[in-house]
Amino acid sequence: MARNGWLYKFYDLYRDGFRQMTLGRTLWAIILIKLFIIFAILKVFFFPNYISTHADEGKESDFVATKILKQ
């Protein structure tokens, strides 16, 4: 299989770049940990599922439509 397509060149560029990083790996780890905290932990504790608690089962779309049109 020939490795001279643009996709292989793109992959090789990033593979070599990540292989040579020292400080960048630490920064990427911090970014990934922060994203996990934002999307996993904060969602569970601070953003409850409002629609499922206030709308009847199977009528969620009607509930959202009435809430949008009232405002």
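Just so it is clear, the structure is predicted and the values come from calculations on it, not from any experiment.

**With respect to the overall build of the chain**
Then, in step 1: Counting its regular elements, the chain contains four helices and zero strands.
Then, in step 2: Going from the N terminus to the C terminus, the chain shows its helices and strands as α-α-α-α.
Then, in step 3: Taken against the 2.2 N^0.38 rule, which gives 11 Å for 71 residues, the C-alpha radius of gyration of the chain at 22 Å runs more than 25% over that of a compact globule.
Then, in step 4: Considered along the principal axes of its C-alpha atoms, the chain spans approximately 55 × 30 × 25 Å.
Then, in step 5: Classification of the 71 residues of the chain by burial places 6% in the buried group.
Then, in step 6: Roughly 7000 Å² of accessible area belongs to the chain as shown, and the carbon and sulfur atoms make up 68% of that amount.

**What about the confidence of the model for the chain?**
Then, in step 1: In this model, the chain carries an average pLDDT of 85, and 96% of its residues clear a pLDDT of 70 or more.
Then, in step 2: The spread of mean pLDDT over the elements of the chain runs between helix H3 (residues 50-54), the lowest at 84, and helix H4 (residues 60-70), the highest at 89.

**As for the environment of Leu23**
Then, in step 1: Relative to the helices and strands, Leu23 is located in helix H2 (residues 23-46).
Then, in step 2: Owing to a relative accessible area of 58%, Leu23 belongs among the exposed residues under this scheme.

**A few points about the packing of aromatic side chains**
Then, in step 1: In the structure shown here, the tally under the stated rule is four aromatic pairs.
Then, in step 2: Taking the centre distance of 6.4 Å and the plane angle of 35° together, the rings of Tyr14 and Phe18 count as tilted. Here the residue Tyr14 and the residue Phe18 both occupy positions in helix H1 (residues 6-20), the gap between them amounting to four residues, near one helical turn.
Then, in step 3: The structure contains a cluster of three or more aromatic residues connected by ring pairs, namely Phe10, Tyr14, Phe18 and Trp28.

**Details of the pattern of salt bridges**
Then, in step 1: Scanning all chains against the criterion turns up three salt bridges.
Then, in step 2: For Asp12, the salt bridge is made with Arg15, and the minimal N-O distance between the two is 3.3 Å. Taken together, the residues Asp12 and Arg15, both in helix H1 and three residues apart, mark about one turn of the helix.
Then, in step 3: For Arg15, a relative accessible area of 29% puts it in the partly exposed group.
Then, in step 4: Within the structure, one salt-bridge network assembled from shared partners comprises Asp12, Arg15, Asp16 and Arg19.

Conventions and cut-offs
- Within any chain, residue numbers begin from 1 and follow the written order of that chain's sequence.
- For a predicted model such as this one, the threshold for reporting local features is a pLDDT of at least 70, and the threshold for listing and counting side-chain atom pairs is 80 or more; totals across whole chains, interfaces and linings nevertheless cover every residue.
- As a convention, hydrogens and water are excluded, and side-chain values are obtained from all of the structure's heavy atoms.
- Only DSSP runs of H or I reaching four residues or more are called helices, and only runs of E reaching two or more are called strands; each is numbered from the N terminus.
- The globule rule used here is 2.2 Å times the number of residues to the 0.38 power, and the radius of gyration it is set against is calculated over C-alpha atoms.
- Throughout this description, buried means an accessible area under 20% of the type-specific maximum (1.4 Å probe, protein chains only), exposed means over 50%, and partly exposed covers the range between.
- For the accessible areas, the method is Shrake-Rupley and the probe is 1.4 Å, while residue cover comes only from the protein chains on display.
- The predictor rates its confidence in each residue with pLDDT, a number between 0 and 100.
- Stacked, tilted and edge-to-face pairs are distinguished by plane angle, under 30 degrees for stacked and over 60 for edge-to-face with tilted covering the rest, among Phe, Tyr and Trp rings (Trp via its six-membered ring) whose centres lie within 6.5 Å.
- The salt bridge definition used is simple: a Lys or Arg side-chain nitrogen within 4 Å of an Asp or Glu carboxyl oxygen.

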